[in-house]
Amino acid sequence: MELREALRTTAAIREFDGAPVDRTTIYDLLDTARFAPSGGNRQCWRVVVVEDTAKRRALRDAYLPGWYEYLALSRAGLVPFAVVTDRDKERAALTDASAMAERARESGGGFAEHLDEVPALLVVLADLRGVAAMDRDDGTKTFVGGASVYPFAWSILLAARDVGLGGVLTTMVRRRDAEVRAIVGCEPYFEVACVIALGWPSARPTSLTRGAVETFATIDTLDGAPLVH
Ligand SMILES: Cc1cc2nc3c(=O)[nH]c(=O)nc-3n(C[C@H](O)[C@H](O)[C@H](O)COP(=O)(O)O)c2cc1C
């Protein structure tokens, strides 16, 4: 598939036709994604392909609390888990999370509740011993560090697209980080970057909703003239 077309049309896919994705296929995706860039070319990524039923269910269970919190925050008109936000409003909104869980149980649930049934589940980790992060000493968690692993994760999804697979990069499990670490058995110097769900799409969106360049690119300063064509 032509690169420009792939970049403009690779949507998040959360519904699959149920057909399995075999290890050889996953190997081939990773064999392409491994050419992604990383700081100092350290290639600090690690991937755990989660096949075991109990582990898959545990991953789903680690995903769900964050998902219900996400729904409750959205419902309250907040940007869920925004780094800069009104924490008091968040706290108030989060009291609705259990109602969200209840509603999902009644409706049979969707992607989140059935995460364990997704054809392929990949936990992508970053080995912090190989992550060169220029903001390491800023006194907060590194923001830059993720840039050494998320391009790799996105390359998995682009490679998947190329062979007709679809999927989605998810980070919801980070609300239950300790549980995920226990599931995949990782040392403290590994960071859980994301869980990628993959499968053969039951449908593909034909166009993506994204802001035009003029809405996010400016000249010289952030409030400068918009970059126009
Ligand atoms: C850093 C990051 C975290 C994400 N986390 C989740 C997630 O936890 N669950 C989920 O269903 N989708 C997740 N997504 C997928 C986004 O919701 C999706 O890319 C976005 O809504 C655009 O969707 P579209 O490409 O179908 O338009 C995440 C995407 C990124 C880049």
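Residues numbered from 1 in each chain as written. Predicted model: local features only at pLDDT ≥ 70, side-chain atom pairs only at ≥ 80, totals over all residues. Heavy atoms only, no water.

**Structural notes on the nonpolar core**
So, step 1. In terms of nonpolar packing, the biggest core is built from 31 residues, with Leu-59, Phe-111, Leu-121, Val-123 and Val-173 touching the most fellow members.
So, step 2. The greatest single-element share of this core, amounting to six residues, is contributed by helix α3 (residues 53-75).
So, step 3. Of all hydrophobic cores here, the second largest spans 26 residues; its members include Leu-29, Ala-36, Val-124 and Val-149. (Core = buried A, V, L, I, M, F, W, Y, C linked by side-chain atoms within 4.5 Å. Buried < 20%, exposed > 50% of the residue type's maximum accessible area, 1.4 Å probe, protein only. Helix = DSSP H or I, 4+ residues; strand = E, 2+ residues; numbered from the N terminus.)

**Observations regarding the pairing of strand β2 (residues 120-127)**
So, step 1. Counting buried positions over the eight residues of β2 gives eight, a clear majority of the element.
So, step 2. The two faces of β2 match: Ala-120, Leu-122, Val-124 and Ala-126 on one face and Leu-121, Val-123, Leu-125 and Asp-127 on the other face are all buried.
So, step 3. Examined bridge by bridge, β2 and strand β4 (residues 190-199) share eight bridges and lie antiparallel to one another. Residue Leu-121 lies in a different strand from β4, and its bridge partner there is Ala-197. (Pairing = 2+ DSSP bridges.)

**Things to note about the site of the ligand**
So, step 1. Lining the immediate environment of the ligand, one finds Ala-11, Ala-12, Arg-14, Tyr-63, Phe-111, Val-168, Leu-169, Thr-170, Thr-171, Met-172 and Arg-210.
So, step 2. Between the ligand and Met-172 there is a distance of 3.1 Å, counted from an oxygen atom to a backbone nitrogen or oxygen.
So, step 3. Notes on the ligand: free accessible area 630 Å², of which the protein chains cover 59%.
So, step 4. By residue number, the principal contributor to the shell around the ligand is strand β3 (residues 166-170), which donates three residues. (Near = heavy atom within 4 Å. Polar contact = N/O pair within 3.5 Å; in protein donor to acceptor, adjacent residues only side chain to side chain. Areas by Shrake-Rupley, 256 points an atom, 1.4 Å probe, with all protein chains shown as cover.)

**Considerations on the side chain of Arg-181**
So, step 1. Structurally, Arg-181 can be placed in helix α7 (residues 177-184).
So, step 2. A distance of 2.5 Å separates a polar atom in the side chain of Arg-181 from the backbone oxygen of Phe-190.
So, step 3. Excluding its chain neighbours within four sequence positions, the residues that come into contact with Arg-181 are Cys-186, Glu-187, Pro-188, Phe-190, Glu-191 and Val-192. (Contact = heavy atoms within 4.5 Å.)

**Some details on helix α5 (residues 97-107)**
So, step 1. Buried within α5 we find Ala-97, Met-100, Ala-101 and Ala-104. Considered in projection along α5, the buried side chains sweep an arc of 100 degrees and stay on one side of the axis. With respect to the buried face of α5, the exposed residues turned more than 90 degrees away are Ser-98, Arg-105 and Glu-106.
So, step 2. Along its buried surface, α5 packs onto α3 and α4 (87-94).
So, step 3. Phi turns positive, to about 90 degrees, at Gly-108, one or two residues after α5. (Arc of directions from axis to C-beta.)

**Some words on the pattern of salt bridges**
So, step 1. Applying the stated criterion to the full structure yields 16 salt bridges.
So, step 2. Measuring nitrogen to oxygen at the nearest pair gives 3.0 Å for the salt bridge that ties Glu-69 to Arg-175. Of this pair, Glu-69 sits in helix α3 while Arg-175 is found in the loop between β3 and α7, placing the two residues 106 residues apart along the sequence.
So, step 3. What makes Glu-69 buried here is its relative accessible area of 15%.
So, step 4. When its relative accessible area of 41% is taken as the criterion, Arg-175 is described as partly exposed. (Salt bridge = Lys/Arg side-chain N within 4 Å of Asp/Glu carboxyl O.)

**Observations concerning the sheet that holds β4**
So, step 1. Here we have four strands laid out as an open sheet, ordered β1-β2-β4-β3, and antiparallel in their pairing. Of all strands in the sheet, those with a lone pairing partner are β1 (45-49) and β3, marking the two edges. Sheet twist, expressed as the average angle between the axes of neighbouring strands with direction ignored, equals 25 degrees.
So, step 2. Those strands touched by helix α2 (residues 23-33) are β1, β2 and β4, and its axis lies near 35 degrees from that of β2.
So, step 3. Along the sheet face, helix α6 (residues 150-162) touches β1, β2, β3 and β4 and points at about 10 degrees away from the line of β4. (Axes fitted to C-alpha atoms, helices over the stretch in contact; angles between N-to-C directions.)

**Focus: the pairing of β3**
So, step 1. Of all five residues making up β3, four are buried, and the element is well covered by its neighbours.
So, step 2. For β3 and β4, the ladder comprises five bridges, and the chain directions are antiparallel. Paired with Val-168 across the strands is Ala-197, a residue of β4.

**Remarks on the environment of Arg-56**
So, step 1. Mapping Arg-56 onto the fold places it in helix α3.
So, step 2. Taking the C-alpha atoms as reference points, Arg-56 and Val-228, separated by 172 residues in sequence, lie 47 Å from one another.
So, step 3. Once you skip the residues sitting within four places of it in the chain, Arg-56 turns out to touch Val-50, Glu-51, Leu-115, Asp-116, Glu-117, Val-118, Pro-119, Ala-120 and Leu-121.
So, step 4. A distance of 2.7 Å separates a polar side-chain atom of Arg-56 from the backbone oxygen of Val-118.

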